[in-house]
Amino acid sequence: MRLLFTSDTHVPKRARQLPPLLLGEIERADVVFHAGDWVDSATLDLFEARAQRLVGVFGNNDGPELRARLAEVARVECGGVRFGVVHETGASQGRERRCAERFPDVDVLVFGHSHIPWDTTAPGGLRLLNPGSPTDRRRQPHCTYMTAEVAGARLLDVRLHRLPPRS
């Protein structure tokens, strides 16, 4: 099972449109995770139209229309792996401990907000993934997203992908 992780798309505020490479990944993925800050409901509509299965939450920059359509926290099971999705997790210091306490019922927590890619494992085994942003790199060298595979009830081959600079 092929997974796509993205967050903080911020269309149309940070980019006029989503990168073509990301759009292709949406169509190839069995499950697409979006950790909030869509900003525009047309972007959610686009994901819903292209994704086989979409798991998304709202972020701090998402208004009432998006908040009415999305949850603050989502929990799903994919191929025997339990996922949680949330936009904000707080400061990086102590993140693993805080998230392990808040999400004891998941194996992988996907989050966003910082636009900083993150891949760590808490002492109890919770995997934390932040795919960065495909449209707003902030102080990062590249805009990014992540992919992974699920097989045999295990998360495998987690990869951070760098997008080419916008022209």
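For the structure itself, look to the data block above.
Scoring rules and cut-offs
- Residues numbered from 1 in each chain as written.
- Predicted model: local features only at pLDDT ≥ 70, side-chain atom pairs only at ≥ 80, totals over all residues.
- Heavy atoms only, no water.
- 1 Å grid on protein atoms, 1.4 Å probe; cavity = no way out; pocket = protein on both sides within 12 Å on 5 of 7 lines; lining within 4 Å.
- Points joined across faces, edges and corners; volume = space filled by probe spheres on them.
- Nonpolar A, V, L, I, M, F, W, Y, C, P; charged D, E, K, R; others polar.
- Pairing = 2+ DSSP bridges.
- Helix = DSSP H or I, 4+ residues; strand = E, 2+ residues; numbered from the N terminus.
- Axes fitted to C-alpha atoms, helices over the stretch in contact; angles between N-to-C directions.
- Contact = heavy atoms within 4.5 Å.

A. Structural view of empty space enclosed by the protein. One pass over the structure, following the stated rule, counts 1 cavity of 30 Å³ or more. Considered as a void within the structure, the largest cavity measures approximately 30 Å³ in volume. Ser-114, His-115, Ile-116, Arg-137, Arg-138, Arg-139 and Gln-140 together form the lining of the largest cavity.

B. Representation of the layout of surface pockets. A volume near 150 Å³ is recorded for the second largest pocket. Surrounding the second largest pocket, Pro-19, Pro-134, Thr-135, Asp-136, Arg-137, Pro-141, His-142, Cys-143, Leu-163, Pro-164, Pro-165 and Arg-166 form its lining. Here the lining of the second largest pocket is composed, by residue class, of 7 nonpolar, 2 polar and 3 charged.

C. Region of the structure containing the sheet that holds strand 2 (residues 31-34). The 5 strands lie next to each other as 3-2-1-9-10, forming an open sheet whose pairing is mixed. On the outer flanks of this sheet lie strand 3 (54-56) and strand 10 (154-162), each paired with one strand and no other. On average, each strand axis in the sheet is inclined to that of its neighbour by 20°, with strand direction left out of account. Of the pairings in the sheet, the one linking strand 2 to strand 3 comprises 3 bridges and is parallel in character. Residue pairing across strands places His-34 opposite Gly-56, the latter belonging to strand 3. Across the sheet, helix 1 (residues 20-28) is in contact with strand 1 (2-6), strand 2 and strand 9 (144-151); its angle to strand 1 comes to roughly 140°. The strands touched by helix 2 (residues 41-50) are strand 1, strand 2 and strand 3; relative to strand 3, the strand with the most contacts, the crossing angle is about 150°.

Shape descriptors only; they carry no functional weight alone.
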